[in-house]
Structures are given as structure tokens and as C-alpha cells.
Amino acid sequence: MSADATILLLDVEGTTTPVDFVLRVLFPEARARVGTFLESRSADPEVERDLAGLREEHTRDAAEGRCPPAWDASPVAAAAYARWLMDQDRKATALKSLQGKIWAEGYHAGRLRGQVYDDVPPALSRWAAAGRRVAIFSSGSVLAQKLLFGHSDHGDLTPFLSGYFDTTTGPKSKAESYRRIAEALGEQPGAGLFVSDLVAELDAAQAAGFATALAVRAPPGPVGHGHREVATLDALPW
């Protein structure tokens, strides 16, 4: 892992943010409110795009014999299918986009406040003061990322972040996604350092040319993975 990297790319869940916040706060919020959200917002153009994406996803699921809930044009059917996808922890782009919009209502109403580990805000502030660039790559939508860091329990952290990437860039388990991110940031992949709690993602980033570090927030971590381990962001040589 190189201290000369000019881009730091951070995962969210398990890296900057406790997994429990995602599993016990964000996901239940989306699941509980998706029905009423779609009843009231299904005619919005951006929500219509999410629904079109869900319909395409449903068509693939049905064709591949996954037995999803029945689909029709109603918000009730769309909500049932969205919950079915959530139960499988699917990273479908349309679902993640829809979840972000639901969470936006929660953040703006004050029901939600993003959680980050205590070492994250001072690290982001320190890197920003040093002129370092930090970006986020998460399976959650760009909107969801901006909401979490913009409404965090340590205040608005978005001024410290210079880019956000989600599955519209590509899967986190594919090397090409990291090459696209480097290109979008105007750098070569070799100038990037990616931190995540998932080995498969780090393997993909490494294959693209990124330096890597495995975030192990709750030891012990996985073994035999070939990536440097860090318990906090302070441990990064950056």
C-alpha cells in the first residue's frame, strides 16, 4: 500500500459507518415506508425511472426462475417486489435509488441521522487540510451517500469529500468499476488507495491497479486475503 496515492476511495458500510446502522436503521426504514412512499410519489418522474428499473429487474428474475412476487402497474405490487429484493440484500441499482429517496424523507424529517465511526471526521478534516482527495464508492446510491455524510452524527462531512460513486459506475466486485472511477477523477488507477471491509471488493480494486487496505472494525478479520489490515482510518499511511 503506497503513501503516494493521490486518491483515497472509501467504502461505507463496515468502513466509515457501522454495519448495524445500515442493517438496523436504514434498511428497516426503507422496508417500512416503501409502500406509503410509492403510493404518494409513484407519479414523480424520478420515481417512475426507479419503477421502470425495478420492472426490468423483475422481468429478469421471472425469466431466470427466481419466483419473485407478481408484478403489475400498482404501487402495492412494486412495493412487494422491492421488499423481496431487500430481503435478499440485492444490490439492484433501481432499488438502491428508491431507497435513497425514502431515506431522504427520513433525514429531512429528522427521523434519521447518519452514523460514522469516531475516527472518520478528524481523518477527513486532516486529509482535506492537506489537500488530499477523498471519494466514496458504495452500493448505496449517490443520494444515500450524500445524505448519510451530510446529516451525520458529527455534522456535515460533505465538504471533505470530492466524489461519490455507486453501482451506476459498475459492480464493486469488478475491476473495471475502479478503472472508471480513476478516470472520472482524472487519475490513473495506480494513484488510488481503496479501503473496504470486503475482500472481494479489494481484490477487484487491486486487479485494477489500486493499492488496498482491509478495514477490520471488529476483529478478527478474514485470513489469507493478501491485503494490509487497518482498524481505523488513522492507521492508513496517507
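Student: How would you sum up the overall build of the protein? Please name residues and give values.
Tutor: Looking only at helices and strands, the protein features 8 helices and 6 strands. Going from the N terminus to the C terminus, the protein shows its helices and strands as β-α-α-α-α-α-β-α-β-α-β-α-β-β. Relative to the 2.2 N^0.38 estimate, which gives 18 Å for 238 residues, the radius of gyration of the protein is 18 Å and therefore close to what a compact globule would have. Counting every position in the protein, which comprises 238 residues, the buried fraction comes to 50%. Accessible area of the protein: about 10700 Å², with a carbon and sulfur share of 51%. Averaged over its 25 positive side-chain charges, the protein has a centre that lies 1 Å from the centre of its 31 negative ones.

Student: Report on helix α7 (residues 175–184), specifying residues and quantitative values.
Tutor: Along α7, the residues classified as buried are A175, S177, Y178, I181 and A182. All buried residues of α7 fall inside an arc of 160° around its axis, so they share one side. In this structure, α7 carries E183 and A184 as exposed residues pointing more than 90 degrees from its buried face. Of the surrounding elements, those touching the buried residues of α7 are β1 (7–10), β2 (133–137), β3 (163–165), β4 (192–196) and α8 (199–208). Phi for G186, located one or two positions after α7, is positive at around 75°.

Student: Give me the environment of R90: which residues, what numbers.
Tutor: Tracing the chain through its elements places R90 in the loop between α3 (75–87) and α4 (93–109). The spacing of R90 and S139 is 49 residues in sequence and 9.7 Å in space, taken between C-alpha atoms. Leaving out residues up to four positions away in the same chain, R90 has contacts with E57, D61, R66, Y81, W84, L85, L95 and K96.

Student: Got a sec to walk through the pattern of salt bridges? Specific residues and values, please.
Tutor: In total, this model carries 20 salt bridges according to the counting rule given. With a shortest N-O distance of 3.0 Å, E29 and R33 are connected by a salt bridge. Taken together, the residues E29 and R33, both in helix α1 (residues 19–41) and 4 residues apart, mark about one turn of the helix. Residue R33 is classed as partly exposed on the basis of its relative accessible area of 31%. Within the structure, one salt-bridge network assembled from shared partners comprises E57, R60, D61, E64, R66 and R90.

Student: Lay out the nonpolar core with the relevant residues and their values.
Tutor: Of all hydrophobic cores here, the largest spans 55 residues; its most connected members are L8, L38, W127 and L236. A total of 8 residues in this core trace back to one element, the largest contributor, which is α1. When residues no more than four places from it in sequence are discounted, the contact partners of L8 are W127, R133, V134, A135, L193, V195, L236 and W238.

Student: Tell me what's going on with the layout of surface pockets, and back it up with residues and numbers.
Tutor: If you add up the space inside the largest pocket, you get close to 490 Å³. Looking at the largest pocket, it is lined by 27 residues, and the ones nearest its centre are E13, K91, S138, S139 and G140. Broken down by class, the residue content of the lining of the largest pocket amounts to 10 nonpolar, 9 polar and 8 charged.

Student: So what's going on with the sheet that holds β3? Residues and values would help.
Tutor: Spatial ordering of the open sheet is given by β3-β2-β1-β4-β5-β6, a layout of 6 strands whose pairing is parallel. Edge positions in the sheet fall to β3 and β6 (228–230), since each has one partner strand and no second. For this sheet, the mean inter-axis angle between neighbouring strands, taken without regard to orientation, is 25°.

Student: Describe the pairing of strand β5 (residues 211–215), with residues and values.
Tutor: Of all the 5 residues making up β5, 5 are buried; the element is thus mostly covered by neighbouring parts of the structure. Strand direction decides the pairing type here: β4 and β5, joined by 4 bridges, are parallel. Of the residues in β5, the one forming a bridge with V195 is A213. In this fold, the crossover linking β4 to β5 by way of α8 has right-handed handedness. For β5 and β6, the ladder comprises 3 bridges, and the chain directions are parallel. Its bridge partner being in β6, A213 is matched across the sheet by R228.

Definitions and limits used
- Residues numbered from 1 in each chain as written.
- Predicted model: local features only at pLDDT ≥ 70, side-chain atom pairs only at ≥ 80, totals over all residues.
- Heavy atoms only, no water.
- Helix = DSSP H or I, 4+ residues; strand = E, 2+ residues; numbered from the N terminus.
- Rg over C-alpha atoms; globule rule 2.2 N^0.38 Å.
- Buried < 20%, exposed > 50% of the residue type's maximum accessible area, 1.4 Å probe, protein only.
- Areas by Shrake-Rupley, 256 points an atom, 1.4 Å probe, with all protein chains shown as cover.
- Lys, Arg positive; Asp, Glu negative; His and termini not counted.
- Charge placed at Lys NZ, Arg CZ, Asp CG, Glu CD.
- Arc of directions from axis to C-beta.
- Contact = heavy atoms within 4.5 Å.
- Salt bridge = Lys/Arg side-chain N within 4 Å of Asp/Glu carboxyl O.
- Core = buried A, V, L, I, M, F, W, Y, C linked by side-chain atoms within 4.5 Å.
- 1 Å grid on protein atoms, 1.4 Å probe; cavity = no way out; pocket = protein on both sides within 12 Å on 5 of 7 lines; lining within 4 Å.
- Points joined across faces, edges and corners; volume = space filled by probe spheres on them.
- Nonpolar A, V, L, I, M, F, W, Y, C, P; charged D, E, K, R; others polar.
- Pairing = 2+ DSSP bridges.
- Axes fitted to C-alpha atoms, helices over the stretch in contact; angles between N-to-C directions.
- Right-handed = clockwise from strand over helix to strand, strands pointing away.

On their own, these measurements won't tell you what the molecule is for.
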